[in-house]
Amino acid sequence: MPKAPLQHVSTLGIDIGKNSFHLIGLDARGAIVLRQKLSRGQVEQRLASMPSCLIGMEACVGAHHLSRQLLALGHDVKLIPAQFVSPFRKSHKNDFRDAEAIAEAVQRPTMRFVPTKTVEQLDLQALHRVRSRLVSQRTAVINQIRTFLLERGIAVRQGLRSLRQALPDILAQRTDVLTPRMTHMIEGLMQDWRHLDERIDAVTDEIGALVAADEACQRLMSVPGVGPIIASAMVAAIGNGAAFSRGRDFGAWLGLVPKQTSTGDRTILGRLSKRGNSYLRSLLVQAARVLLLWPSKWRQHSFGAWLTAASARLHHNVLAAALANKLARIAWSVLSQNRVYEPRTAVVVG
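All figures in this text were calculated on a predicted structure; none of them were measured in a lab. (Residues numbered from 1 in each chain as written. Predicted model: local features only at pLDDT ≥ 70, side-chain atom pairs only at ≥ 80, totals over all residues. Heavy atoms only, no water.)

Caption draft 1: How the structure looks around the pattern of salt bridges. According to the stated counting rule, one finds 10 salt bridges in the structure shown. Between R29 and D27 there is a salt bridge; the shortest N-O distance is 3.5 Å. A salt bridge links R89 to D98; the nearest nitrogen and oxygen atoms lie 2.6 Å apart. On the basis of relative accessibility, which here comes to 23%, the residue R89 falls in the partly exposed class. Sharing partners across several salt bridges, the network here consists of R89, K93 and D98. (Salt bridge = Lys/Arg side-chain N within 4 Å of Asp/Glu carboxyl O. Buried < 20%, exposed > 50% of the residue type's maximum accessible area, 1.4 Å probe, protein only.)

Caption draft 2: Spatial organisation of the sheet that holds strand 1 (residues 11–15). Taking strand neighbours across the sheet as the criterion, the 5 strands line up as 3-2-1-4-5 in an open arrangement whose pairing is mixed. Edge positions in the sheet fall to strand 3 (32–39) and strand 5 (76–80), since each has one partner strand and no second. In this sheet, neighbouring strand axes are inclined to one another by 20 degrees on average, regardless of whether the strands run parallel or antiparallel. Where helix 1 (residues 40–48) meets the sheet, its contacts fall on strand 1, strand 2 (20–26), strand 3 and strand 4 (54–58), and the angle it forms with strand 3 comes to roughly 140 degrees. Helix 4 (residues 95–105) rests against strand 1, strand 2, strand 3, strand 4 and strand 5 of the sheet, and its axis sits at about 45 degrees to strand 2. (Pairing = 2+ DSSP bridges. Helix = DSSP H or I, 4+ residues; strand = E, 2+ residues; numbered from the N terminus. Axes fitted to C-alpha atoms, helices over the stretch in contact; angles between N-to-C directions. Contact = heavy atoms within 4.5 Å.)

Caption draft 3: How the structure looks around the side chain of H128. Structurally, the position occupied by H128 is in helix 5 (residues 119–151). In this view, H128 contacts I207, I229, S232, A233 and Y279; residues no more than four positions away in its chain are not counted.

Caption draft 4: Highlighting helix 7 (residues 180–212). Helix length check: helix 7, at 33 residues, gives a terminal C-alpha distance of 48 Å against a target of 48 Å (1.5 Å per residue), a fit within 8%. Buried within helix 7 are the following residues: M182, T183, I186, L189, M190, W193, L196, D197, I200, V203, I207 and V211. Tucked inside the fold, the buried residues of helix 7 contact helix 5, helix 6 (160–173), helix 8 (215–220) and helix 9 (228–238). (Expected span 1.5 Å × (residues − 1).)

Caption draft 5: Quick peek at the nonpolar core. Among the nonpolar cores identified, the biggest contains 65 residues, and I145, L149, L220, M234, F250 and L280 are the most heavily contacted of them. Elements with a contribution of two residues or more to this core: helix 5, helix 6, helix 7, helix 8, helix 9, helix 11 (278–292), helix 12 (304–311) and helix 13 (316–336). Setting aside anything within four residues of it in sequence, one finds M234 in contact with L220, G239, F250, L280, A328, A331, W332 and L335. Membership of the second largest hydrophobic core comes to 19 residues, among which are L12, I14, F21 and L23. (Core = buried A, V, L, I, M, F, W, Y, C linked by side-chain atoms within 4.5 Å.)

Caption draft 6: Region of interest: the side chain of T183. Locating T183 in the fold gives a position in helix 7. The exposure class assigned to T183 is buried, which follows from its relative accessible area of 14%. Setting aside residues no more than four positions away along its own chain, T183 makes contact with L171 and L178.

Caption draft 7: View of the state of the cysteines. According to the stated counting rule, one finds 0 disulfides in the structure shown. In this structure C53 is a free cysteine whose sulfur lies 18 Å from that of C60, the closest cysteine sulfur available. A relative accessible area of 7% places C53 in the buried class. (Disulfide = S-S within 2.5 Å.)

In structure tokens:
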């Protein structure tokens with residue numbers, strides 16, 4: 001089979017698979033001039049001989065690695081969120097139709113793209129995903145211990161520390177309701193708990209070491225409520241923040257704004273949209289909840305007056321989401337403008 005006329009391809013859509021890649025090439029008029037299936041090892045070699053063109057791919061697993069390879073070859077590579085490709089797909093779904101939809105979507109002037117992540121960003125993102133999984137596993141172990149105790153009529157007050165302190169006495173003294181088999185089972189779960197604690201601490205320390213050496217993370221940590229975990233997660237997710245033109249766009253991407261279903265002259269706002277990076281959103285909401293615990297310190301921040309007024313009219317959960325959105329916008333400003341947070345509190349003249 002003769003090779004496709006690569007010199008006529010101006011836009012290329014690539015549907016990424018585990019082992020097979022499907023390519024659709026469009027010429028300047030939008031007609032299909034290339035339709036090919038390649039193995040993973042053939043893609044770079046095939047595109048190395050192709051003149052520079054616009055290449056689109058869905059932002060999925062492996063896309064950032066391939067994007068860096070194709071950028072090094074001189075191509076203009078754009079990564080598109082998967083949900084923005086679907087409207088361009090025709091009829092039933094298959095790999096070539098997906099590639100064609102990507103090629104159509106990447107040409108839209110108003111399309112939103114995902115910046116290609118560096119190797120350092122992907123490493124930091126991987127650390128956060130490992131830590132998140134370990135924390136989830138620890139929570140599952142703790143919940144299982146509590147469930148086994150409740151089935152024997154033993155209730156322990158809420159909190160990780162309370163359970164940790166109460167378990168030795170429970171296992172030693174409540175032999176009237178705990179059988180030897182159940183005691184042995186709970187001891188095994190406690191060992192799992194200790195092992196997960198050690199793994200979480202090790203990953204957290206590794207993240208802390210990376211944060212200490214990263215200037216952007218250090219600047220982010222000047223924002224109220226932002227520590228090493230949030231700072232590193234934000235850098236891993238958005239880099240220098242150049243993908244967003246303003247802070248409110250970043251807050252909307254995180255899903256910290258109301259879902260809008262307006263029509264005509266009516267503006268209808270619903271619950272939080274909860275779109276974008278759910279991990280980073282949850283971290284910012286947790287940071288906001290911590291700040292809300294200390295009303296006496298609100299006046300130290302530039303948003304102190306707003307927070308005091310909002311607390312009088314908003315539900316606690318709504319206030320936490322609103323504060324998380326404000327923290328996200330401040331953090332984006334610090335990151336994108338290459339500066340530290342300045343409280344700028346009002347001075348009262350007597």
